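Structure at a glance
Given next are the chains, with one letter for each unit.
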Amino acid sequence: MFCYQCQETAGCTGCTKAGVCGKSPELARVQDLLIYVTKGLSAVTTALRDQGETVSPETDHYITTNLFTTITNANFDDEIFYARVAETLKIKNDLVAGIKDTSKLSAAALWSSDDRAEMDRKAAVVGVLATENEDVRSLRELIIYGLKGLAAYVKHANELGRDNAEINAFVQKALAATLDDSLSADELVALTLETGKFGVSGMALLDEANTGTYGNPEITKVNIGTGKNPGILISGHDLKDLEQLLEQTQGTGVDVYTHSEMLPAHYYPAFKKFSNFFGNYGNAWWKQKEEFESFNGPILMTTNCIVPPKDSYKGRMFTTGAAGFAGCAHIEKDAEGKKDFSAIIDMAKKCEPPVQIEEGEIIGGFAHNQVFELAGPVVEAVKSGAIKKFFVMAGCDGRQKSRNYYTDFAAALPKDTVILTAGCAKYKYNKLDLGDIGGIPRVLDAGQCNDSYSLALIALKLKEVFGLDDINELPIAYNIAWYEQKAVIVLLALLHLGVKNIHLGPTLPAFLSPNVAKVLVDTFGIAGIGTVEDDIRLFLN
Ligand code: FS2
Ligand code: SF4
């Protein structure tokens, strides 16, 4: 196997024996094959569009979900991947019949097999290392990882009835382009930046889906303690799953707690009406082993990040949507799109209440609409010098000790600075008592990783209010923590919006070849992180 798509990749170069995340070589192999056949299907759908034909939303959504399932920590179930490879080939073989000139199609678009041994043979030669030139490989993978992140956001929007044909067509065109040996490095760089443009569109689509369905996030205090009832813990990013779970748990005596990236659900008005929506339990994804143990009740994983579960609670872990883990029950939609969570609720009723591991409250809900409502005091605080600088510290958390940098950095920032955050990166500092500036908390949490879009809108609004020509003239520094591929699309989206001098840590992506990294450094001023002291000095200069 060879995988280097996430920040925790072995030795900061690539996982070759087994994934640090728990991905086995067999799983890596079939995931490589799924990406290959999805590229093939995308080449066919792109050729059909070039012929002036339309592609069904079902096919668009199938491709999106294929990409999403291969994101780090989303799905560890080999059989789900073999089934998706088979279905992808079936869809593709049906569509190939409509192509007028198949001679221009790539090998991936023409390959097919229903024999598992043959699939495994093919999988072994179509992975990341099949591209020999390291710069071309780097750009292709940068695009693919960005598309995976984009697909995750689009899939959530799809669940709420939103879709965007242009984004779907781009995802497929770009995937197909990663098979095209005639593209120059410059053309691949251009495609990378175009991926960022569609990243902005994808996050805007999801933002409209979330706020249009559940209202605008508002300032909210979230309980981080526990109650006396048994509970269900819901993790991941899918708000539609949460909505259905809350509806189905009404009157059952079971409380619902959020975990990790589901925390920001508390900020939406639509969920506040559920009296059993108790609070948030625990921290970022990587502390699952201890926290799922002590939670006592069933856990529903709606997306990544799954840590391979311990046997002691594996029987209490359920998956749905793009998430999966062999041996954990997977809950599918029925024909009407509804999910039946009764098995989880029945299990919860027989479980002990969660063991309290923390107490108190945390505050969040500072997505774009709420911050725009506070624009007056915020602008005044900047003008008066009470706020000297904003630090965008969005992104991901992870297990490496080097990420303590972000806790130390947040704690060491001068008291006249404000942190803008989104994503699970916030858990590195959202329970520190960093105080407020004239009533404005010093950590403003916009929401999930996809809500980094809100941070971009806030920056654009401040640019407008201060009458600046360039977003980079604002007193905003970007010190972003990344882990998986959703952070890649957030980064590409920020680059598309013209944001420069982003610092990315705790390490730069292993998939950036020295030459590709140089392009990002020279063009956009991307940099890594250093010591807390040096970086604070640098940022405040
Ligand atoms: Fe955190 Fe994991 Fe949000 Fe990432 S829970 S690293 O998937 O997407 O962020
Ligand atoms: Fe390794 Fe990350 Fe790939 Fe898992 S997702 S195999 S940890 S590079």
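For the protein chain, an unreviewed UniProt entry supplies the name Hydroxylamine reductase and the organism Anaerobium acetethylicum. Recorded in UniProt under Function (unreviewed entry), the annotation for the protein chain is "Catalyzes the reduction of hydroxylamine to form NH(3) and H(2)O." Under the UniProt heading Catalytic activity (unreviewed entry), the entry covering the protein chain gives this text: "A + NH4(+) + H2O = hydroxylamine + AH2 + H(+)".

**Here we look at the overall build of the protein chain**
Helix and strand counts for the protein chain come out as 19 helices and 15 strands. Taking 2.2 N^0.38 as the reference for a compact globule, 541 residues should give roughly 24 Å; the C-alpha atoms of the protein chain span a radius of gyration of 23 Å, in line with that estimate. With respect to the principal axes defined by its C-alpha atoms, the protein chain has extents near 65 × 60 × 45 Å. The buried share of the protein chain, reckoned over its 541 residues, is 60%.

**Notes on the site of ligand 1**
Looking at ligand 1, the residues that line it are His237, Ser260, Glu261, Trp285, Asn304, Cys305, Cys396, Cys424, Cys449, Tyr483, Glu484 and Lys486. Between ligand 1 and asparagine 304 there is a distance of 2.8 Å, counted from an oxygen atom to a side-chain nitrogen or oxygen. Glutamate 484 places a side-chain nitrogen or oxygen 3.3 Å from an oxygen atom of ligand 1. Taken together, the residues of the shell around ligand 1 break down into 6 nonpolar, 3 polar and 3 charged.

**Points about empty space enclosed by the protein**
One pass over the full model with this rule turns up 10 cavities of 30 Å³ or more. Quantified by volume, the largest cavity comes out at close to 150 Å³. Together, 21 residues line the largest cavity, and Cys3, Gln5, Cys21, Lys23 and Thr72 are the ones closest to its centre.

**Remarks on the UniProt feature "modified residue: Cysteine persulfide" (unreviewed entry) in the protein chain**
According to UniProt, the positions carrying the feature "modified residue: Cysteine persulfide" (unreviewed entry) are Cys396. Following the sequence through the fold, cysteine 396 ends up in the loop between strand S9 (389-392) and helix H15 (404-412). Classification of cysteine 396 by relative accessible area gives buried; the value is 5%. Beyond its immediate stretch of four places on either side in the chain, cysteine 396 contacts Arg403, Cys424, Ala425, Ala481, Trp482, Tyr483, Glu484 and Ala487.

**Structural notes on helix H5 (residues 116-123)**
For H5, the set of buried residues is Met119, Asp120, Lys122 and Ala123. All buried residues of H5 project into a common sector of 160° when viewed along the axis, lining one side. Those residues of H5 hidden inside the fold are in contact with helix H1 (25-50) and helix H3 (78-96).

**A few points about the packing of H3 against H5**
In contact at an axis separation of 12 Å, H3 and H5 are set at 95° when each is read in the N-to-C sense. When the interaxial angle is binned, H3 and H5 end up roughly perpendicular. On H5, the residues touching Glu79, Tyr82 and Val85 of H3 are Arg116, Met119 and Asp120.

**Overview of the site of ligand 2**
Surrounding ligand 2, one finds Met1, Cys3, Tyr4, Gln5, Cys6, Thr9, Cys15, Gly19, Val20, Cys21, Lys23 and Thr72. Taking a 2 Å distance to the grid points as the criterion, the majority of the atoms of ligand 2 fall inside the largest cavity. Looking at side-chain class alone, the shell around ligand 2 contains 7 nonpolar, 4 polar and 1 charged residues.

**Digging into the sheet that holds S9**
An order of S13-S10-S9-S14-S15 is seen for the 5 strands of this open sheet, with the pairing classed as parallel. For this open sheet the edge positions go to strand S13 (443-445) and strand S15 (503-505), each flanked by a neighbour on one side alone. Within this sheet the neighbouring strands show an average axis-to-axis angle of 20°, counted without direction. Of the strand pairs in this sheet, S9 and strand S14 (residues 476-481) are connected by 3 bridges, and their pairing is parallel. Its bridge partner being in S14, valine 392 is matched across the sheet by tyrosine 478.

**Section: the sheet that holds strand S6 (residues 317-320)**
An order of S4-S3-S2-S5-S6-S7 is seen for the 6 strands of this open sheet, with the pairing classed as parallel. The strands lining the two open edges of the sheet, one partner per strand, are strand S4 (277-280) and strand S7 (329-331). Averaged over neighbouring strand pairs, the angle between their axes works out to 25° when direction is ignored. As paired elements, strand S2 (residues 231-235) and strand S3 (residues 255-258) share 4 bridges and run parallel to each other. Opposite leucine 233, over in S3, you have tyrosine 257 as the bridge partner.

Basis of the calculations
Residues numbered from 1 in each chain as written. Chains lettered and ligands numbered in written order. Predicted model: local features only at pLDDT ≥ 70, side-chain atom pairs only at ≥ 80, totals over all residues. Heavy atoms only, no water. UniProt positions renumbered as here; feature names shortened; annotations may be inferred. Helix = DSSP H or I, 4+ residues; strand = E, 2+ residues; numbered from the N terminus. Rg over C-alpha atoms; globule rule 2.2 N^0.38 Å. Buried < 20%, exposed > 50% of the residue type's maximum accessible area, 1.4 Å probe, protein only. Near = heavy atom within 4 Å. Polar contact = N/O pair within 3.5 Å; in protein donor to acceptor, adjacent residues only side chain to side chain. Nonpolar A, V, L, I, M, F, W, Y, C, P; charged D, E, K, R; others polar. 1 Å grid on protein atoms, 1.4 Å probe; cavity = no way out; pocket = protein on both sides within 12 Å on 5 of 7 lines; lining within 4 Å. Points joined across faces, edges and corners; volume = space filled by probe spheres on them. Contact = heavy atoms within 4.5 Å. Arc of directions from axis to C-beta. Axes fitted to C-alpha atoms, helices over the stretch in contact; angles between N-to-C directions. Parallel < 35°, antiparallel > 145°, perpendicular 65-115°, else oblique. Sits in = over half its atoms within 2 Å of the grid points. Pairing = 2+ DSSP bridges.

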